[in-house]
Amino acid sequence: MTKNKQFIFAHNGVITNHSDFGVFPVDSMSLEKGILERNFKNYQGSIGLCWIDSYKNIFLYRHNQELSIGYDKDVIYFSSDKDHLKELSLENIQTIKEDKLYRIKKGKIIYAKNIPSPKPVTLQYGPGVTTRLGEFEHYNPNYYSRFGESVNEFLENVKQGE
């Protein structure tokens, strides 16, 4: 629950510049300001985010992080991994659009609208070829430093299906 008790939220991802917003025990807590203002343009990293407000609206947002939805009758399920939804045999499983805020009420999407979001991270893959980092299905911003693999090595491995 947030300090102002207007909503409760869960975040999957890493906010690399969380200290720009104050001192927090965990990076996810820095997102409270972005949620209140519906503005994530100053955040850096990956955001897979859901929150529920005091009116029982559910909000979903993603940036450089997978977040998918699936349907079963009048219920919408969501997960940071499509495979979880597939295991439930849900219908119409899809990744929500990046940098859009989805509002869900009583099992229905009320809207999906653009909100201020971070600039996409793009990589030079070859002469005249770029790609957005978030386009990889299982993008993890810490992958490169954790395994010591350069971005170009990673992209080549993705291209080769490794």
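Residues numbered from 1 in each chain as written. Predicted model: local features only at pLDDT ≥ 70, side-chain atom pairs only at ≥ 80, totals over all residues. Heavy atoms only, no water.

### Focus: the packing of aromatic side chains
Under the defined criterion, the tally for this structure stands at 5 aromatic pairs. Judged by centre distance (4.5 Å) and plane angle (20°), the ring pair of Phe40 and Tyr61 falls under stacked. Here the residue Phe40 occupies a position in the loop between α1 (31-37) and β2 (47-53), and Tyr61 occupies one in strand β3 (residues 58-63), the gap between them amounting to 21 residues. Like Phe40, the residue Tyr61 is buried in the burial classification. Note on Trp51 and Phe59: the rings are 5.1 Å apart at their centroids and 20° apart in plane angle, and the pair reads as stacked. Assessed through its relative accessible area of 1%, Trp51 is described here as buried. (Phe/Tyr/Trp six-rings, centres within 6.5 Å; stacked < 30°, edge-to-face > 60°. Helix = DSSP H or I, 4+ residues; strand = E, 2+ residues; numbered from the N terminus. Buried < 20%, exposed > 50% of the residue type's maximum accessible area, 1.4 Å probe, protein only.)

### Let's talk about the pattern of salt bridges
Pairs can form between side chains of opposite charge whenever their charged atoms are close. In this structure the tally under the stated criterion is 3 salt bridges. A salt bridge links Asp74 to Lys108; the shortest N-O distance between them is 3.6 Å. Here Asp74 is found in the loop between β4 (68-72) and β5 (75-79), whereas its partner Lys108 is found in strand β8 (residues 108-114), with 34 residues between them in sequence. Judged by its relative accessible area of 46%, Lys108 falls in the partly exposed class. The residue Asp83 makes a salt bridge to Lys86 at a minimum N-O spacing of 3.9 Å. Placement of both Asp83 and Lys86 in helix α2 (residues 82-87) is noted, with a separation of 3 residues, approximately one turn of the helix. (Salt bridge = Lys/Arg side-chain N within 4 Å of Asp/Glu carboxyl O.)

### Description of the nonpolar core
The biggest cluster of nonpolar side chains holds 13 residues, and the ones touching the most others in it are Leu31, Phe40, Ile47, Leu49 and Trp51. When residues of this core are traced back to their parent elements, those giving at least two are α1, β2 and β3. If one sorts the elements of this core by residue count, β2 sits on top with 3 residues. Setting aside residues no more than four positions away along its own chain, Leu49 makes contact with Phe9, Ala10, His11, Leu31, Ile35, Phe40, Phe59, Leu60, Tyr61 and Leu67. Within the second largest apolar cluster, 8 residues are counted, among which are Cys50, Leu67, Ile76 and Tyr102. (Core = buried A, V, L, I, M, F, W, Y, C linked by side-chain atoms within 4.5 Å. Contact = heavy atoms within 4.5 Å.)

### Focus on the sheet that holds β5
The strands making up a sheet associate through backbone hydrogen bonding, with each pair oriented either parallel or antiparallel. With antiparallel pairing, 3 strands are arranged side by side in an open sheet as β5-β4-β6. Looking at the sheet topology across the chains shown, the edges are occupied by β5 and β6 (91-95). Pairs of neighbouring strands in the sheet enclose a mean axial angle of 20°, with direction left out of account. The pairing of β4 with β6 spans 3 bridges and is antiparallel. Note that in β6 the partner of Tyr71 across the bridge is Glu91. (Pairing = 2+ DSSP bridges. Axes fitted to C-alpha atoms, helices over the stretch in contact; angles between N-to-C directions.)

### Topic: a nonpolar patch on the surface
On the surface, a nonpolar cluster with roughly 250 Å² of combined accessible area is contributed by Val75, Tyr77 and Leu88. Residue placement: Leu88 occurs in the loop between α2 and β6. (Patch = residues over 30% accessible without salt bridge, like charges linked within 9 Å, V, L, I, M, F, W, Y side chains within 5 Å. Areas by Shrake-Rupley, 256 points an atom, 1.4 Å probe, with all protein chains shown as cover.)

### Topic: the sheet that holds strand β1 (residues 7-12)
The strand order β1-β2-β3-β7-β8 describes an open sheet built from 5 strands, whose pairing is antiparallel. This sheet does not close on itself; its edge strands, each paired only once, are β1 and β8. Adjacent strand axes in the sheet meet at a mean angle of 15°, parallel and antiparallel pairs treated alike. Across 6 bridges, β2 lies against β3 in antiparallel orientation. Along β3, the bridge assignment pairs Leu49 with Tyr61.

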